[in-house]
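Geometric and topological summary
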Amino acid sequence: MTSARIFIAAAILFTACPHLPAQWLNYPTAGVPKTPGGAPNLKAPAPRTPDGKPDFSGIWEAEKNQPCPPDGCPDGPTGKEFFDIGWSIKGGLPYQPWARDLMKERMAQNRKDNPNARCLPLGVVGTHTFPLFRKIVQIPGLIVILNERDAMYRQIFTDGRSLPDDPQPSFNGYSTGKWDGNTLVVQTNGFRDGIWLDANGDPLTEAGKITERFRRVDYGRMEVQVTVDDPKAYTAPWTVKLNQNIVLNTELLDFFCLENEKDVAHLVGK
Amino acid sequence: MKAVSFSSVAVGLGLILAAIPASAHHSFFAEFDSNKHVTLTGTVTKVEWENPHARFYLDVKDESGAMAHWEFQMGSINVLVRGGWTRNTLKTGDTVTVNGYPAKDGSRLANARVITLSDGRKLTGGSSFGTSIQ
């Protein structure tokens with residue numbers, strides 16, 4: 001299922017609705033390359049900024065590659081990585097024993113202690129897989145990722161600064177980016193303990209460092225190759241690829257997790 | 001309360017809104033039992049059009065005539081709106097039939113899957129156990 005198909009379906013629905021929404025739900029995205037038939041050409045080359053670098057600007061969502069049975073997927077359509085960040089790695093993640101035990105216990109408890117359920121930030125990796133939208137704004141020296149979830153921001157500095165030496169631990173860490181040809185290589189340190197990399201509860205510790213290689217494959221797709229180097233939780237660095245699809249003709253909407261949170265009181269473990 | 005099996009409701013004719021993905025705010029299995037189904041008919045007493053999940057409340061008369069108050073969770077506002085809902089789609093006073101999954105903790109709470117309005121229109125509630133637009 002592509003984003004374009006979602007929004008074609010949504011457009012049909014909206015056309016059929018007697019009351020069109022008043023928000024910018026179907027506001028046309030500017031500058032979309034078109035096929036001869038007038039449809040968005042998602043295979044068109046990636047756009048570029050005036051300095052010739054690939055332009056990641058736009059609204060993106062995680063690829064929903066989790067197969068769903070006819071009756072639906074638990075927790076709705078998502079990517080496999082949302083639940084298991086290491087599903088594509090042969091033999092699984094290279095856990096330290098305590099980290100494997102912790103993940104298994106979190107799963108045995110129906111994932112009820114996921115910080116996500118308590119409306120805490122998802123962190124860098126969890127944000128790439130969460131099934132709400134993100135908007136990338138790219139300007140000289142800085143890339144900002146605006147998250148629909150809790151209106152959260154992430155900054156990636158491309159102005160040549162170094163990573164902080166003794167960073168105050170945080171959910172998103174501190175990110176700097178450099179270009180390697182058409183790939184933006186982002187280094188991040190300064191994470192806090194307690195971050196879940198996925199819904200299964202794979203841990204990230206304060207010792208963790210993350211490298212992301214952003215590549216806009218074409219107009220419609222972006223790949224983020226993520227390498228997690230966290231010797232406290234894993235015996236070796238490991239790498240996964242997180243695919244993202246462009247989302248057209250809409251805008252970000254409010255999503256404040258604590259607005260009317262009433263689920264935590266009903267979550268049941270084993 | 002009358003429990004019925006869930007088989008053809010979601011694919012029934014007249015489903016006016018496409019199925020909607022959930023927000024994945026929390027684990028479905030930690031809160032709801034996907035092996036059980038409830039179908040309840042009643043009057044909407046309140047709609048909470050808020051995140052992380054829209055909710056509505058239903059006064060339901062059981063077989064003995066006693067009134068029970070039920071709470072239903074739907075998807076996030078974001079996914080509901082993108083699926084065609086507005087804040088006025090469901091209103092206080094509406095009579096509806098709701099099919100969904102009950103809470104594991106035994107409270108009168110369920111995850112709303114399909115909501116049938118009194119005029120026969122069926123709405124997808126953006127259930128956490130939802131299907132995607134295929």
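Preceding this section is the structure that the text describes.
Residues numbered from 1 in each chain as written. Chains lettered and ligands numbered in written order. Predicted model: local features only at pLDDT ≥ 70, side-chain atom pairs only at ≥ 80, totals over all residues.

Some points on unusual backbone geometry
Here is the rule: In this scheme the burial state of a residue depends on its C-beta neighbours within 10 Å: 20 or more other such atoms mean buried, 12 or fewer mean exposed, and anything in between means partly exposed; the C-beta positions come from the backbone.
The residue after N51 of chain B, namely P52 of chain B, is reached through a cis peptide bond having omega 5°. Unlike most non-glycine residues, N110 of chain A shows phi in positive territory, near 60°. N110 of chain A sits in the partly exposed class, given 19 other C-beta atoms within 10 Å.

Looking at the sheet that holds strand β6 (residues 183-189) of chain A
Strand pairing within a sheet occurs via backbone hydrogen bonds; the two strands may be parallel or antiparallel. Residue and element names in this part refer to chain A. Note the cut-off: Should DSSP find at least two bridges between two strands, the strands are taken to pair. Segments assigned H or I by DSSP are reported as helices when at least four residues long, segments assigned E as strands when at least two residues long, and all are numbered from the N terminus. Here the axes come from fitting lines to C-alpha atoms, over the contacting stretch only for helices, and the angles between their N-to-C directions go from 0 to 180 degrees.
Here nine strands make up a closed barrel; going around it, the order is β1-β2-β3-β4-β5-β6-β9-β10-β11 and the pairing mixed. The average undirected angle you get between the axes of adjacent strands in this sheet is 30°. As defined by bridge partners, strand β4 (residues 153-157) adjoins strand β5 (residues 174-180) across two bridges and the pair is classed as parallel. Its bridge partner being in β5, I156 is matched across the sheet by S175.

A look at the environment of D51 of chain A
Among the structural elements, D51 of chain A can be located in the loop between α1 (3-16) and β1 (58-62). Each C-alpha atom, one on D51 of chain A and one on P140 of chain A, is 8.9 Å from the other, the two residues being 89 residues apart in sequence.

Remarks on the nonpolar core
Convention followed: Under the definition applied here, buried Ala, Val, Leu, Ile, Met, Phe, Trp, Tyr and Cys residues are grouped into a nonpolar core through C-beta atoms within 7 Å. Contacts are defined on C-beta atoms placed from the backbone: any two residues whose C-beta positions lie within 7 Å are in contact.
W60, F130, L197, L204, F214, V226 and V247 of chain A are the most contacted members of the largest nonpolar core, which has 45 residues in total. Look past the residues within four positions of W60 of chain A in its chain and what remains in contact with it is R134, I136, M222, Q244, N245, I246 and V247 of chain A. Ranked by size, the runner-up nonpolar core spans 26 residues in total, among them F28, V38, V79 and L80 of chain B.

Quick word on the environment of Y234 of chain A
Residue and element names in this part refer to chain A. Structurally, Y234 can be placed in the loop between β10 (221-229) and β11 (238-247). Take Y234: there are 23 C-beta atoms within 10 Å of it, and that puts it in the buried class. Expressed as a C-alpha distance, the spacing of Y234 and V217, which sit 17 residues apart in the sequence, is 30 Å. Setting aside its immediate chain neighbours within four residues, Y234 contacts L93, P94, Y95, Q96, A99 and V228.

Things to note about the pairing of β5 of chain A
All names here are of chain A. Both β5 and β6 contribute to a ladder of seven bridges, which runs antiparallel. What sits directly across from G177, in β6, is V186. Counted between consecutive antiparallel strands, the loop separating β5 from β6 contains two residues, among which G181 sits at a positive phi close to 65°.

Topic: the pairing of strand β2 (residues 55-61) of chain B
Residues and elements named next belong to chain B. Bridge count for strand β1 (residues 38-48) against β2 is six bridges, and the pairing is antiparallel. Residue pairing in the sheet places V47 in a bridge with F56 of β2. The hairpin formed by β1 and β2 contains six residues between the paired strands. Direction of pairing for β2 relative to strand β3 (residues 67-73): antiparallel, over a ladder of seven bridges. Paired with L58 across the two strands is W70, which belongs to β3.

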